[in-house]
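Coordinates in review
The primary structure of each chain is shown beneath.
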Amino acid sequence: MTVGLEGYLAISAILFCLGLFGVITRKNAIMVLMGLELILNSANINFVAFAKFGGMNIDGHIAAIFVIILAAAEAAVALAIVLNIFQNYKHVNIDEVDSLKE
Amino acid sequence: MEILDAVFYLFALMIVGSASVVVFSKNIMYSAFALLFTLFGVAGLYVLLNADFLAVTQIMIYIGGILILIIFGVMMTNKIRGVDIKTGVSGKVQVYSAGAAVLVLGITMISIFNNTEWLIKDAPALDATIKPIGRLLLTDYLIAFEAASVLLLAAIIGAAMIARRKKA
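Described below are features of the structure shown in this document. (Residues numbered from 1 in each chain as written. Chains lettered and ligands numbered in written order. Predicted model: local features only at pLDDT ≥ 70, side-chain atom pairs only at ≥ 80, totals over all residues. Heavy atoms only, no water.)

1. So, the overall build of chain A
Helix and strand content of chain A: three helices and zero strands. Shown N-terminal to C-terminal, the secondary structure of chain A runs as helices and strands in the order α-α-α. Taken over the C-alpha trace, chain A has a radius of gyration of 17 Å; the compact-globule value for 102 residues is 13 Å, which it surpasses by more than 25%. Over its C-alpha atoms, taken along the principal directions, chain A stretches across nearly 55 × 25 × 15 Å. (Helix = DSSP H or I, 4+ residues; strand = E, 2+ residues; numbered from the N terminus. Rg over C-alpha atoms; globule rule 2.2 N^0.38 Å.)

Set out below in structure tokens:
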């Protein structure tokens, strides 16, 4: 296989930049969450790529597993907060949300 | 060995294309479904990197859990019947400056990655990674593993408490 470490790092860099762009520019809170998932996935690709090419072996896989665990917990809590915001404001535009109680 | 390269480029194209749809699509439902293909592509890269357990975990947790949760969130916070499913972006100046900044960041990262002398040390080929992963989780990473389980319990309770309707 001729595609080496740089190929995977390039893919993860592109994915990170797309996710960052989504997080910065979108107003909808759920779109921001989706951008966050892209960023976490790009970090995971790096962990696994270094696990194969950098001699980290299984330790890289375990770091990636913990990232997935944290992403699951974060998504659950964040969506609960988004539902609460929607009950209070009838929209989820994060630039107009400026208090947690009415 | 050429076929593995072709598979890599296929998954790379799938990831970049669908991630672009996630970020640039106006319809938030299209974004959520494009995220499905992005996550599948990442799972494919894991398979190419000999991470079989991680690929299955990715499909089960991300696609089976997080993506479903996000789609639920989209459906509960947008009016599907009305016109309000579109997702707004910030003003034009902010979008262009953010795009330029992100583009510069990406080009810098890729050029750094390409110009670094990486110490390549190929991992020994394993039949399956699940056995060493399980052994490491219960020896070297035991405290982190237990902390993660407590974190997940706290996240469940916290999410249920926050999302509960106050006045029934």
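2. A short note on the overall build of chain B
A count of helical and extended segments in chain B gives six helices and zero strands. Order of helices (α) and strands (β) in chain B, N terminus to C terminus: α-α-α-α-α-α. For chain B, whose C-alpha radius of gyration is 21 Å, the value lies well above the compact-globule estimate of 15 Å for 168 residues. Across its three principal directions, the C-alpha atoms of chain B cover 55 × 40 × 30 Å.

3. Description of the interface of chain B and chain A
Interface size, as often reported, equals the accessible area lost upon joining of the parts. Each partner contributes residues to the interface: chain B has 82 residues there, and chain A has 68 residues. In total, about 6,800 Å² of surface goes out of reach between chain B and chain A, with carbon and sulfur atoms giving 77% of it. Considering only the surface of chain B that becomes buried against chain A, Val23, Leu49 and Thr77 of chain B emerge as the three largest contributors, covering 10% of it. Our count for the contact surface shared by chain B and chain A stands at zero salt bridges. Of all the secondary-structure elements, those providing two or more residues to the side of chain B that touches chain A are helix H1 (2-24), helix H2 (28-48), helix H3 (52-77), helix H4 (92-115), helix H5 (130-137) and helix H6 (142-163) of chain B. Looking at the side of chain B that touches chain A residue by residue, the classes come out as 58 nonpolar, 17 polar and seven charged. (Contact = heavy atoms within 4.5 Å. Buried area = accessible area lost by both parts, 1.4 Å probe. Salt bridge = Lys/Arg side-chain N within 4 Å of Asp/Glu carboxyl O. Nonpolar A, V, L, I, M, F, W, Y, C, P; charged D, E, K, R; others polar.)

4. Details of the nonpolar core
In this structure, Tyr8 and Met34 of chain A together with Leu45 of chain B are the most contacted members of the largest nonpolar core, which totals 68 residues. Secondary-structure elements contributing two or more residues to this core are helix H1 (5-25), helix H2 (29-53) and helix H3 (58-89) of chain A together with H1, H2, H3, H4 and H5 of chain B. Ranked by residue count, the leading element in this core is H3 of chain A, at twelve residues. Setting aside residues no more than four positions away along its own chain, Met34 of chain A makes contact with Val22, Ile28, Ser31, Ala32, Leu35, Ile70 and Val74 of chain B. (Core = buried A, V, L, I, M, F, W, Y, C linked by side-chain atoms within 4.5 Å. Buried < 20%, exposed > 50% of the residue type's maximum accessible area, 1.4 Å probe, protein only.)

5. Observations concerning a nonpolar patch on the surface
All names here are of chain B. Side chains of Ile68, Phe72, Met75 and Met76 sit close together on the surface and give an oily, nonpolar patch of about 400 Å² of accessible area. Structurally, Ile68 can be placed in helix H3. Looking at Ile68, the relative accessible area reads 41%, which means it is partly exposed. (Patch = residues over 30% accessible without salt bridge, like charges linked within 9 Å, V, L, I, M, F, W, Y side chains within 5 Å. Areas by Shrake-Rupley, 256 points an atom, 1.4 Å probe, with all protein chains shown as cover.)

6. Some remarks on H6 of chain B
Here H6 of chain B is 22 residues long and its end C-alpha atoms lie 32 Å apart, about the 32 Å a rise of 1.5 Å per residue gives. Along H6 of chain B, the residues classified as buried are Ala148, Ala155 and Ala159 of chain B. Along the axis of H6 of chain B, the buried residues cluster in a sector spanning 20 degrees; they form a single face. The exposed residues of H6 of chain B that point more than 90 degrees off its buried face are Ile143, Val150, Leu153 and Ala160 of chain B. Turning to H6 of chain B, the residues buried within the fold contact H3 of chain A. (Expected span 1.5 Å × (residues − 1). Arc of directions from axis to C-beta.)

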